[in-house]
Amino acid sequence: MGSLDALFERLVDDAAVFPPGNAAVSDAVDEHRVHRSAGYAPLIGPLVLPDTELATASRAARDSAPDGTPLPISVVITSGAGGLTALARRDLPGLQVVATEIALRDLADLRGNAQRVVAAAQEFDPDEVAIFVELPFQPGWVAAIEVIEAAGLSGKIRTGGVVPDASPTADQLAEQLSELIEADLPFKATAGLHRAWPNRILNERGETLHQHGFLTVLMAVEALVDGAGTDQAAELLRLDDPGRIYAALSDWDDATVTRVRRRFRSFGCCGVTDPVQDLVTLGLLTGLESVR
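In this text, all values refer to a predicted model and were calculated from it rather than measured experimentally.

### Some words on the overall build of the chain
Here comes step 1: In terms of helices and strands, the chain carries 12 helices and 10 strands.
Here comes step 2: Since a compact globule built from 292 residues should have a radius of gyration of about 19 Å, the 18 Å found for the chain is in line with a globular shape.
Here comes step 3: Along the first, second and third principal axes, the C-alpha set of the chain runs to 50 × 45 × 45 Å.
Here comes step 4: The burial tally for the chain puts 53% of its 292 residues in the buried class.
Here comes step 5: Counting only contacts in the chain whose residues sit at least 6 apart along the sequence, the fraction spanning at least 24 positions is 73%.
Here comes step 6: Surface summary for the chain: the accessible area is close to 12900 Å², and the carbon and sulfur share equals 47%.
Here comes step 7: Taking the 24 positively charged and 42 negatively charged side chains of the chain as two groups, their mean positions are separated by 3 Å.

Below, the structure is given as structure tokens:
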């Protein structure tokens, strides 16, 4: 496997049921199987589902796979740490839980909240289920990072949303990435990473949303790992020159790719063919003329 193949392997988690995609669960299950049999399948991670929809997803997965092949999923816990415990004890025919995602919500005690999540996470075999803990960028978040890292779990950060103030600025995102890398905490990102470089779109209310680019996030991570400061990382996050992006990533060797992906594990996207198509257009993903 070449450097760029490894860079994009299982990079894009399929979050079709989440906003703004809002796909029905049964449709998302069927479409996910299509993604996993397509030419770009190596880029696609698990189907991301809320824990409130697992019964529906289990039925749909069994109906869509007569041979019994389980569908790999990442489960978003919609409650507290107890939701992790409940998930560990559920039987979900047709589904294979490969990851879970849970947000810290106790903003007054993020460290204590993280400790409760760590305790509940012991219900899972870490070799079989990755656990991503969403860390709000709030006072006390560094202490929570320390707890998560010490327990061998992974982090999760929010890089966008469906309202204008949900997306961090380049400076804020650079600071978050710097803290995660300083702590050596692997992480995934969620929301707003549909395209390769920064862009602007309109939401359903006609408001302008700023979206970060998934390739520029990769570039910022690489720079920070290599010792760059947050100002340089922020400049990379603002980069919207496809030629410069292509030139930079084309020059990455296997060691660079390994360093970056050891930290930045994946990102959730409600339309997984968007980032794949950008890679095809840039010439970073060969063998496919189009994915639309």
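### A short note on the nonpolar core
Here comes step 1: Counting 89 residues, the largest nonpolar core has Phe8, Leu135, Leu177, Leu215, Leu218, Phe264 and Phe267 as its most contacted members.
Here comes step 2: In this structure Leu215 touches Phe8, Ala196, Ile245, Leu249, Leu279, Leu282 and Leu284, once residues within four positions along its chain are discounted.

### Concerning the pattern of salt bridges
Charged atoms that come close allow side chains of opposite charge to pair.
Here comes step 1: Considering all chains together, one arrives at 14 salt bridges under this definition.
Here comes step 2: Note that Glu101 and Lys156 form a salt bridge whose closest N and O atoms lie 2.7 Å from each other. Highlighted residues: Glu101 in strand S4 (residues 95-103) and Lys156 in strand S6 (residues 154-158), separated in sequence by 55 residues. A single burial state applies to Glu101 and to Lys156, both of which are buried.
Here comes step 3: With a closest N to O distance of 3.0 Å, Asp184 and Arg262 form a salt bridge. Note that Asp184 is positioned in the loop between helix H7 (170-182) and strand S7 (187-190) and Arg262 in helix H11 (residues 254-263), a separation of 78 residues in sequence.
Here comes step 4: Assessed through its relative accessible area of 36%, Arg262 is described here as partly exposed.
Here comes step 5: One network of salt bridges, in which partners are shared, links Asp13, Glu101, Glu134, Lys156, Arg158 and Lys188.

### Some details on the pairing of strand S2 (residues 44-50)
Here comes step 1: Counting buried positions along S2 yields 7 of 7 residues, so the element is predominantly enclosed.
Here comes step 2: Judged from the 2 bridges that link them, strand S1 (residues 12-14) and S2 form a sheet pairing that is parallel. Residue Val12 lies in a different strand from S2, and its bridge partner there is Ile44.
Here comes step 3: Pairing analysis gives 4 bridges linking S2 to strand S3 (residues 71-77), with the strands arranged parallel. Note that in S3 the partner of Val48 across the bridge is Ser74.
Here comes step 4: The parallel pair S2 and S3 is bridged by helix H3 (residues 54-64), and the resulting crossover is right-handed.

### Describing the pairing of S7
Here comes step 1: Here S7 shows no split at all, with Phe187 and Ala189 on one side and Lys188 and Thr190 on the other all buried.
Here comes step 2: Pairing analysis gives 4 bridges linking S6 to S7, with the strands arranged parallel. In the strand pairing of S7, Ile157 is matched with Ala189.
Here comes step 3: In terms of strand pairing, S7 meets strand S10 (residues 264-269) through 4 bridges, oriented parallel.

### Some points on the environment of Ala120
Here comes step 1: As for its placement among the helices and strands, Ala120 is situated in helix H5 (residues 110-121).
Here comes step 2: For the pair Ala120 and Ala228, spaced 108 residues apart in sequence, the C-alpha to C-alpha distance is 36 Å.
Here comes step 3: Residues within four places of Ala120 in sequence aside, it is in contact with Ala81, Leu84 and Thr85.

### Description of the side chain of Thr256
Here comes step 1: Topologically, Thr256 is positioned in helix H11.
Here comes step 2: On the basis of relative accessible area, Thr256 is assigned to the buried category, the value being 9%.
Here comes step 3: Here Asp253 takes part through its side chain, which lies 2.8 Å from a polar atom of the side chain of Thr256.

### Focus: helix H8 (residues 214-225)
Here comes step 1: The first and last C-alpha atoms of H8 sit 17 Å apart over 12 residues, in line with the 16 Å expected at 1.5 Å per residue.
Here comes step 2: With respect to burial, H8 is a largely interior element, 10 of its 12 residues being buried.
Here comes step 3: Buried within H8 are the following residues: Phe214, Leu215, Thr216, Val217, Leu218, Met219, Ala220, Val221, Ala223 and Leu224.
Here comes step 4: One or two residues past the end of H8 sits Gly227, with phi positive at roughly 105°.

### Considering a negative patch on the surface
Here comes step 1: On the surface, a cluster of negative charge is contributed by Asp27, Asp30, Glu31 and Asp63.
Here comes step 2: For the negative patch, the leading source of residues is helix H2 (residues 25-37), giving 3 residues.
Here comes step 3: Counting through the fold element by element, Asp63 comes out in helix H3.
Here comes step 4: With a relative accessible area of 67%, Asp63 lands in the exposed category.

The rules behind each value
Residues numbered from 1 in each chain as written. Predicted model: local features only at pLDDT ≥ 70, side-chain atom pairs only at ≥ 80, totals over all residues. Heavy atoms only, no water. Helix = DSSP H or I, 4+ residues; strand = E, 2+ residues; numbered from the N terminus. Rg over C-alpha atoms; globule rule 2.2 N^0.38 Å. Buried < 20%, exposed > 50% of the residue type's maximum accessible area, 1.4 Å probe, protein only. Contact = heavy atoms within 4.5 Å. Areas by Shrake-Rupley, 256 points an atom, 1.4 Å probe, with all protein chains shown as cover. Lys, Arg positive; Asp, Glu negative; His and termini not counted. Charge placed at Lys NZ, Arg CZ, Asp CG, Glu CD. Core = buried A, V, L, I, M, F, W, Y, C linked by side-chain atoms within 4.5 Å. Salt bridge = Lys/Arg side-chain N within 4 Å of Asp/Glu carboxyl O. Pairing = 2+ DSSP bridges. Right-handed = clockwise from strand over helix to strand, strands pointing away. Polar contact = N/O pair within 3.5 Å; in protein donor to acceptor, adjacent residues only side chain to side chain. Expected span 1.5 Å × (residues − 1). Patch = residues over 30% accessible without salt bridge, like charges linked within 9 Å, V, L, I, M, F, W, Y side chains within 5 Å.

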